[in-house]
Amino acid sequence: KQEVTQIPAALSVPEGENLVLNCSFTDSAIYNLQWFRQDPGKGLTSLLLIQSSQREQTSGRLNASLDKSSGRSTLYIAASQPGDSATYLCAVIVNAGNMLTFGGGTRLMVKP
Amino acid sequence: GAVVSQHPSRVICKSGTSVKIECRSLDFQATTMFWYRQFPKQSLMLMATSNEGSKATYEQGVEKDKFLINHASLTLSTLTVTSAHPEDSSFYICSARRPGRKNEKLFFGSGTQLSVL
């Protein structure tokens, strides 16, 4: 059974710092991996999708990498801003049915 | 981009009542929709997979008689929480996949916060 783990569970940084969020998964046979942002009491916003054949994806200040063989993905946020404060979730799609298995999330607080 | 609409965004009800949550794909037909539940400070957990025209597939530990799923059309899936109790209070989110695009990201509704008094 696929398990997804995110470290750290919570992170507090001053504004302007570059930071890395980690995601690991136990079964490397994935279709793709997706990073989401969730604001309190709100739904999910998809940030980046990495196909199983890709190694990284970039969108603005965000960069996500994928190492399937080691079962790891990282989300790099450059020059963090208070507006980046949210919970970040990674999830893997494990079969053709597109069901997502989510990690526990990292609660990020960026202080002004 | 594809849009998934979820309604209502928030509902407060008395214990014992039933609550229906709707999930609509606005600009595409979704043969498969997923329902997730999220308790405070926890991650999302898949409850069930909703397939148009057939019975939903429930994850282990999810009571299918309590959480009724209907996917009667290609653009609408509903989740009904029957005889809701305070322990059912949670954040419910649906997602949908465009048919024929197995390796594409899923699209999510905005979620429904259910509070059972």
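Residues numbered from 1 in each chain as written. Chains lettered and ligands numbered in written order. Predicted model: local features only at pLDDT ≥ 70, side-chain atom pairs only at ≥ 80, totals over all residues. Heavy atoms only, no water.

(A) Structural view of the side chain of B:Thr78. Position of B:Thr78 relative to the elements: it lies in strand 8 (residues 76–81). Not counting the four nearest positions on each side in its chain, B:Thr78 is found in contact with B:Lys20, B:Ile21, B:Glu22, B:Trp35, B:Leu68, B:Ile69 and B:Asn70. (Helix = DSSP H or I, 4+ residues; strand = E, 2+ residues; numbered from the N terminus. Contact = heavy atoms within 4.5 Å.)

(B) Just the pairing of strand 2 (residues 10–13) of chain B, in detail. All names here are of chain B. Of the two faces of strand 2, only one is covered, namely that formed by Val11 and Cys13; the face formed by Arg10 and Ile12 stays uncovered. Relative to strand 11 (residues 112–116), strand 2 is paired through 4 bridges, and the arrangement is parallel. Note on strand 11: the bridge partner recorded for Arg10 is Gln113. (Buried < 20%, exposed > 50% of the residue type's maximum accessible area, 1.4 Å probe, protein only. Pairing = 2+ DSSP bridges.)

(C) Broad picture of the sheet that holds strand 7 (residues 67–73) of chain B. All names here are of chain B. The strand order across the open sheet built from 4 strands is 1-3-8-7, with neighbouring strands paired in antiparallel fashion. Only two strands of the sheet have a single partner each, and these edge strands are strand 1 (4–7) and strand 7. Neighbour-to-neighbour, the strand axes of this sheet turn through a mean angle of 15°, independent of strand direction. Strand direction decides the pairing type here: strand 7 and strand 8, joined by 5 bridges, are antiparallel. Its bridge partner being in strand 8, Leu68 is matched across the sheet by Thr80. (Axes fitted to C-alpha atoms, helices over the stretch in contact; angles between N-to-C directions.)

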